[in-house]
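# Examination of the molecular architecture
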Amino acid sequence: MAYAHPEYLISPDELAADLDGRRVLDATVIFAPTPDGGFSVESGLARFNEGHIPGAQFLDLVNDASDTSSDLGFTLPPVAQLEALFRRLGISNDTEVVVYSRELIALATRAWWLLHYCGHRHARVLDGGLEAWQAAGHPLSTEPASYPPGDFKASPKPSRFADRNDVLAAIGDPDIRTVNSLSPEDFAGQGAFTMGRPGHIPGSVNLFFADLLEDGRFKDEAALRQALDAKGLLAAPRVINYCAVGVTATIDAFACLLCGQEDVALYDGSLAEWARDESLPMETGR
C-alpha cells in the first residue's frame, strides 16, 4: 500500500532525473554536544560549501528561517519573513521544491514544515538525505547556484502549529493526542539529555522519531502506519507533536501526514519553552 501522500517524498534517482526543473534546498544544521548534557547549534553553511547536490542552495534554518529575536531555538518567524526568504531562493507558488539535509532528516522535515505551513503545495523531502543521494552514485558540487527571485505568496495554515496554551489545554482532552518524539529514556526522564527539567508533558505518548526511519529513510507505509496506530495517532481527531526544540518532532508530524492524518500540529516551543517554566507540569516515567 502506498503512502496517503507519496508526493511529499522524493527518491534520489527521481530527483537526479530532473534537477533543472526544481529548486533544491540544503537545510543542514550542525548540532554539537555540550558538557552540561545539552547541545550547541550552528548553521550548516560550511558543510554545504564542502559539497552539495548540484544546483542546490543553502536554507539557513538557524539565522534566516527562525525568529532570531527569540531566546528559543528554531522559533517560527513571521510569515512575511518566510515569504521573503523563499522568494530570495527563487521560489514561486508553482515551483517544485526539494529539501534535504545531512545526517538528520529532521532538518529537512523542519524546512518542509515551514513551506507547508506557508501553503506551498509542491514541496518534497529527499528521502534519506544527502547520504542516500551519494549512496545512489549521484555527484556533489561545490559550485554556488543562484536563481531569479520568485514571487511566492504565502497562504499560512495556523493549525499546523500549536503554542503552550494549546498544549496545556490538550492535557486530559481525549480528542487530542500529544506525542513526544524523543528517546524512551529521555521521555521517561532517565536519559542524559534534559532541557532543564527531566521528563515529558503529562498525558503525552512517546514515539521515538528514529523508530519511524530505516537507514535514514522513512519506513514503508505499512510499518509507519503500524507505529502510528500503536500510539493512537491515526485515530485521534488531532495530534500535537513536540520534542526538545521543534526539530525531531517534525519527523513524527511528517509521518502522520504521509499516512493520511490531516489534523497535525507542531508545538514549536517544545520542551525548550515548557520545561523552563516551573508553573507548567512535567512528569517522569513511562
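For the structure itself, consult the block above.
Residues numbered from 1 in each chain as written. Predicted model: local features only at pLDDT ≥ 70, side-chain atom pairs only at ≥ 80, totals over all residues. Heavy atoms only, no water.

## Concerning the sheet that holds strand 1 (residues 9-10)
Spatially, 1-7-6-2-5 is the arrangement adopted by the five strands of the open sheet, whose pairing is parallel. With partners counted over all chains shown, the strands left at the sheet margins are strand 1 and strand 5 (57-58), one partner each. This element, helix 4 (residues 105-117), spans strand 6 (96-100) and strand 7 (123-126) of the sheet and lies at about 180° to strand 7. (Pairing = 2+ DSSP bridges. Helix = DSSP H or I, 4+ residues; strand = E, 2+ residues; numbered from the N terminus. Contact = heavy atoms within 4.5 Å. Axes fitted to C-alpha atoms, helices over the stretch in contact; angles between N-to-C directions.)

## Section: the sheet that holds strand 14 (residues 264-267)
Whenever strands of a sheet pair, they do so through backbone hydrogen bonds, lying parallel or antiparallel. Taken in spatial order, the five strands of this open sheet run 8-14-13-9-10, and their pairing is parallel. Either end of the sheet is taken by a strand with one partner, and the two such strands are strand 8 (161-162) and strand 10 (205-206). One ladder, built from three bridges, connects strand 13 (residues 238-242) with strand 14; its direction is parallel. When the bridges of strand 14 are listed, Asn 241 appears paired with Leu 266.

## A word on the nonpolar core
Of all hydrophobic cores here, the largest spans 78 residues; its most connected members are Leu 61, Phe 86, Val 99, Trp 112 and Phe 218. Apart from residues lying up to four places away in sequence, Val 99 is in contact with Leu 25, Ala 108, Ala 111, Trp 112, Leu 115, Arg 124, Val 125 and Leu 126. (Core = buried A, V, L, I, M, F, W, Y, C linked by side-chain atoms within 4.5 Å. Buried < 20%, exposed > 50% of the residue type's maximum accessible area, 1.4 Å probe, protein only.)

## Focus: the environment of Ser 270
Checked against the element boundaries, Ser 270 lands in helix 10 (residues 270-274). Of the residues examined, Ser 270 reaches a relative accessible area of 0% and is grouped as buried. Ser 270 sits 130 residues away from Leu 140 along the chain, and the two C-alpha atoms are 35 Å apart. In contact with Ser 270, not counting residues within four places along its chain, are Tyr 242, Cys 243, Ala 244, Val 245 and Gly 246.

## Regarding helix 9 (residues 249-258)
Most of helix 9 sits out of view: 10 of its 10 residues are buried. For helix 9, the full list of buried residues reads Ala 249, Thr 250, Ile 251, Asp 252, Ala 253, Phe 254, Ala 255, Cys 256, Leu 257 and Leu 258. Backbone geometry just downstream of helix 9 places Gly 260 in the positive-phi region, at approximately 100°.

## Observations concerning the state of the cysteines
Tallying each qualifying case throughout the model produces zero disulfides. With no disulfide partner, Cys 256 has as its closest neighbouring cysteine sulfur the one in Cys 259, 7.7 Å distant. Residue Cys 256 is classed as buried on the basis of its relative accessible area, which comes to 0%. Taking the relative accessible area as the measure of exposure, Cys 259 reaches 4% and is therefore buried. (Disulfide = S-S within 2.5 Å.)

## Topic: the pairing of strand 9 (residues 176-180)
Looking at chain direction, strand 9 and strand 13 are connected through five bridges and run parallel. Along strand 13, the bridge assignment pairs Ile 176 with Arg 238.

## Overview of the pairing of strand 14
Neither face of strand 14 is left uncovered, since the one carrying Val 264 and Leu 266 and the one carrying Ala 265 and Tyr 267 both have all their residues buried. The handedness of the strand 13 to strand 14 crossover, carried by helix 9, is right-handed. (Right-handed = clockwise from strand over helix to strand, strands pointing away.)

## Points about the packing of helix 4 against helix 9
Where helix 4 meets helix 9, the closest approach of the two axes is 8 Å, and the angle between their N-to-C directions is 60°. Considered as vectors, helix 4 and helix 9 are oriented oblique to each other. Viewed along their axes, helix 4 and helix 9 form a crossing whose handedness is left-handed. Residues Ile 105, Ala 106, Thr 109, Arg 110, Trp 112, Trp 113 and His 116 of helix 4 touch helix 9, and the partners they reach there are Thr 250, Ile 251, Ala 253, Phe 254 and Leu 257. (Parallel < 35°, antiparallel > 145°, perpendicular 65-115°, else oblique. Left-handed = near helix turned anticlockwise from the far one by under 90°.)

## With respect to helix 8 (residues 221-230)
Turning to helix 8, its buried residues are Glu 221, Leu 224, Ala 227 and Leu 228. All buried residues of helix 8 project into a common sector of 135° when viewed along the axis, lining one side. Opposite the buried face of helix 8, by more than 90 degrees, sit the exposed residues Ala 222, Gln 226 and Ala 230. Buried residues along helix 8 sit in contact with strand 12 (217-218) and helix 9. Looking one or two places after helix 8, you find Gly 232, whose phi comes out positive at around 75°. (Arc of directions from axis to C-beta.)

## A word on empty space enclosed by the protein
Which parts of space are left empty comes out when a probe the size of a water molecule is rolled across the atoms. Applying the stated criterion to the full structure yields one cavity of 30 Å³ or more. The computed volume of the largest cavity comes to approximately 50 Å³. Lining the largest cavity are Leu 182, Asp 186, Phe 193, Thr 194, Met 195, Arg 197, Gly 199 and Leu 271. Classifying every residue of the lining of the largest cavity gives four nonpolar, two polar and two charged. (1 Å grid on protein atoms, 1.4 Å probe; cavity = no way out; pocket = protein on both sides within 12 Å on 5 of 7 lines; lining within 4 Å. Points joined across faces, edges and corners; volume = space filled by probe spheres on them. Nonpolar A, V, L, I, M, F, W, Y, C, P; charged D, E, K, R; others polar.)

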